[in-house]
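Each chain, letter by letter, is given below.
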Amino acid sequence: MTQLRSRPARLLGAGMAAGALIPTVAAAAPAATPPAVACTSGTAGLAAKLQKDITAALASRKGTVAVGLHDRSTSTTCSLRATSAYDSASIVKVTVLATLLWDAKKHNRYLTDREDTLATAMITESDNDATGALWKQLGLTKVNGFLTAAGMTLTKPGADGYWGLTQITVQDEQKLLGLVTAKNSVLSDNSRAYIQKLMGDVIPEQRWGTPAGTPSGVSAHVKNGWLQRATHGWRVHSLGTFSGAGHDYTITVLTQDNSTMDYGVATIQNVARAIHKDLVPSVSAQTAYVPTSRPQEAIPAVPGAPAVPAVSAVPAR
């Protein structure tokens, strides 16, 4: 994590005492203290263990990281920088799909064949053209309508068609995943099942991030994204929902200020492994899912930069 360096003390003035010049020294500004991981749980000792292990997973990592965890089965939550805003990159595609399904529910209709084809490509292959078509079809009025209905008050849709620059937070992404994984009045049961199915069918080269270390007997559903810009380096994000082995949990990890894409992937996977191990310790030794060693994801267009094809890299450890 980047730390602020204290400014050198300066002489601000002088006074005469017994004929001597006595300088007055300004106090140095204290270095900013990075926020701490905060956890609560209905299971004794689990919050403290998660807090310790997530903190350890991030101890040697540079960049800026936000984390969210909620496990319904143990009433466990963890958060770090929950309200800090990040450029969304491709994980906004889950919000686009949820908006499409929410709007269809309002009009009491099924998705058309075209919408189903676009939605499937958008989530399972992270297809940017499909996303752009659905974003244009929905328009900001419907996207904002869904965000209001979902209580995602901190999310700000990207302007001028740049959906990849939507401003997102861990707090709102966890709200979204909560709607996807539990019965509610915003998304129908069929809609929730559809979103989970597509996230479960993501192609192998894009199943990196939060699924790292998923224990045996736990199913993983994921959507990732990455984006490089002139400021804050690489943004690398991962959303995941997990169920099985007596657990039902969601994980969001957002990162920026990464030197490379693969560095951000490795940071996310460090956090994910710690969480999975602590939540499901009895079977963590038998990891059923190992994420790809060559992650790949489409990069959304941003102002002043040409569209960039999918990128692959080997995560740094």
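Here the structure is shown first, and the text comes after it.
About the criteria used
- Residues numbered from 1 in each chain as written.
- Predicted model: local features only at pLDDT ≥ 70, side-chain atom pairs only at ≥ 80, totals over all residues.
- Heavy atoms only, no water.
- Core = buried A, V, L, I, M, F, W, Y, C linked by side-chain atoms within 4.5 Å.
- Buried < 20%, exposed > 50% of the residue type's maximum accessible area, 1.4 Å probe, protein only.
- Helix = DSSP H or I, 4+ residues; strand = E, 2+ residues; numbered from the N terminus.
- Expected span 1.5 Å × (residues − 1).
- Axes fitted to C-alpha atoms, helices over the stretch in contact; angles between N-to-C directions.
- Parallel < 35°, antiparallel > 145°, perpendicular 65-115°, else oblique.
- Left-handed = near helix turned anticlockwise from the far one by under 90°.
- Contact = heavy atoms within 4.5 Å.
- Nonpolar A, V, L, I, M, F, W, Y, C, P; charged D, E, K, R; others polar.
- Pairing = 2+ DSSP bridges.
- Salt bridge = Lys/Arg side-chain N within 4 Å of Asp/Glu carboxyl O.
- Phe/Tyr/Trp six-rings, centres within 6.5 Å; stacked < 30°, edge-to-face > 60°.
- Lys NZ or Arg CZ within 6 Å of the ring centre and 35° of its normal.
- Disulfide = S-S within 2.5 Å.

Novice: Got a minute to help me understand the nonpolar core in this structure?
Specialist: For soluble globular proteins, nonpolar side chains are generally found buried alongside one another. Residues Leu-97, Ile-123, Phe-146, Leu-187 and Ile-195 are the most contacted members of the largest nonpolar core, which totals 42 residues. Listed by contribution, the elements that provide at least two residues to this core are helix H2 (92-106), helix H3 (113-124), helix H4 (128-150), helix H5 (170-181) and helix H6 (189-200). In this structure, Ile-54, Trp-208, Phe-242 and Val-280 belong to the second largest nonpolar core, which totals 36 residues.

Novice: Can you walk me through helix H7 (residues 261-279) in this structure?
Specialist: Since the α-helix turns once every 3.6 residues, residues separated by three or four places project in the same direction. Counted at 1.5 Å a residue, the expected span for H7 with its 19 residues is 27 Å, and the 27 Å between its end C-alpha atoms agrees. Here H7 lies mainly inside the structure; 16 of its 19 residues are buried.

Novice: Help me understand the packing of H2 against H4 in this model?
Specialist: Contact pair H2 / H4: the axes reach a minimum separation of 8 Å and the direction vectors enclose 70°. Taken as axis vectors, H2 and H4 run roughly perpendicular relative to one another. Crossing handedness for the pair H2 and H4: left-handed. Taking contact as the criterion, the partners of Lys-93, Thr-95, Val-96, Ala-98, Thr-99, Leu-100, Trp-102 and Asp-103 in H2 are, on H4, Asn-128, Thr-131, Leu-134, Trp-135, Gln-137, Leu-138, Lys-142, Val-143, Gly-145, Phe-146, Leu-147 and Ala-149. Residue composition of the contact of H2 with H4, by class: 11 nonpolar, 6 polar and 3 charged.

Novice: Would you explain the pairing of strand S10 (residues 247-258) in this entry?
Specialist: Across a regular strand the side chains alternate sides, sitting on one face of the sheet and then on the other. Burial analysis of S10 places 10 of its 12 residues in the buried class, which makes it a mostly covered element. Bridge count between strand S4 (residues 64-71) and S10: 8 bridges; the pairing is antiparallel. What sits directly across from Ala-66, in S10, is Leu-254. Of the strand pairs in this sheet, strand S9 (residues 234-244) and S10 are connected by 10 bridges, and their pairing is antiparallel.

Novice: Can you help me understand the pattern of salt bridges in this one?
Specialist: For side chains bearing opposite charge, pairing can occur when the charged atoms are close. Scanning the model with the defined rule gives 13 salt bridges in all. Where Glu-115 meets Arg-109, a salt bridge forms, and the shortest distance between an N and an O atom there is 2.9 Å. On the accessibility criterion, Glu-115 (4% relative accessible area) is buried. As a salt-bridge pair, Asp-189 and Lys-183 come within 2.7 Å of each other at their nearest N and O atoms.

Novice: Where do I start with the packing of helix H1 (residues 46-58) against H7 in this structure?
Specialist: Direction vectors running N to C along H1 and H7 enclose 160°, while the axes themselves pass 9 Å from each other. The orientation of H1 relative to H7 falls into the category roughly antiparallel. Seen from above, H1 lies across H7 with right-handed handedness. Of the residues in H7, those in contact with Leu-46, Lys-49, Leu-50, Asp-53, Ile-54, Ala-57 and Leu-58 of H1 are Thr-267, Asn-270, Val-271, Ala-274, Ile-275, Lys-277, Asp-278 and Leu-279.

Novice: What is the right way to look at the environment of Phe-242 in this model?
Specialist: Examined against the element boundaries, Phe-242 turns out to sit in strand S9. Taking C-alpha positions, Phe-242 is 8.4 Å from Pro-211, a pair spaced 31 residues apart along the chain. Residues within four places of Phe-242 in sequence aside, it is in contact with Thr-210, Pro-211, Thr-214, Val-218, Ser-219, Ala-220, His-247, Asp-248, Tyr-249, Ile-251 and His-276.

Novice: Would you take a moment to explain the packing of aromatic side chains for this structure?
Specialist: Two aromatic rings, taken as a pair, are described by how far apart their centres are and by the angle between their planes. On inspection of all chains with the given rule, the structure shows 3 aromatic pairs. Taking the centre distance of 5.3 Å and the plane angle of 25° together, the rings of Trp-208 and Trp-226 count as stacked. Placement of the pair is Trp-208 in the loop between H6 and strand S8 (219-228) and Trp-226 in strand S8, with a sequence separation of 18 residues. Residue class for Trp-208 comes out buried when judged on its relative accessible area of 0%. In this structure Trp-226 comes out as buried when scored by relative accessible area, which is 0%. Residues Phe-242 and Tyr-249 carry aromatic rings whose centres are separated by 5.2 Å and whose planes lie at 20° to one another, so their mutual orientation is stacked. According to the relative accessible area criterion, Phe-242 is buried, its value standing at 1%. Of note, Arg-61 hangs over the ring of Tyr-263, and the distance from its end group to the ring centre comes to 3.9 Å. Over the ring of Tyr-289 we find Arg-207, and its NZ or CZ is 5.3 Å from the ring centre.

Novice: What's the story with the state of the cysteines in this structure? I'm lost.
Specialist: Here a disulfide denotes one covalent bond, and it connects the sulfur atoms of two cysteines. On inspection of all chains with the given rule, the structure shows 1 disulfide. Between the sulfur of Cys-39 and that of Cys-78 lies a disulfide, 2.1 Å long from S to S. Because the torsion about its S-S bond is 115°, the bridge between Cys-39 and Cys-78 counts as right-handed. A residue pair is termed long-range when its members are at least 10 positions apart, and Cys-39 in strand S3 (residues 38-40) and Cys-78 in strand S5 (residues 76-80) qualify at 39 residues. Each member of the pair Cys-39 and Cys-78 is classed as buried.

Novice: What is the right way to look at H2 in this model?
Specialist: Look at H2: 21 Å from first C-alpha to last across 15 residues, which is about the 21 Å you get at 1.5 Å a residue. Burial analysis of H2 places 13 of its 15 residues in the buried class, which makes it a mostly covered element. Following H2 by one or two positions, Asn-108 has its phi on the positive side, about 55°.

Novice: I tried to follow the sheet that holds S5 on my own but got confused; where do I start?
Specialist: Note: strands within a sheet are paired through backbone hydrogen bonds, in either parallel or antiparallel orientation. As summarised here, the arrangement of the 6 strands in space is S3-S5-S4-S10-S9-S8, forming an open sheet in which the pairing is antiparallel. The open sheet has two free edges, formed respectively by S3 and S8, since each of these has just one partner strand. Strand after strand, the sheet turns through a mean of 5° between neighbouring axes, direction not considered. Each of S8 and S9 is contacted by H6, which is oriented at about 70° to S8, the strand it contacts most.

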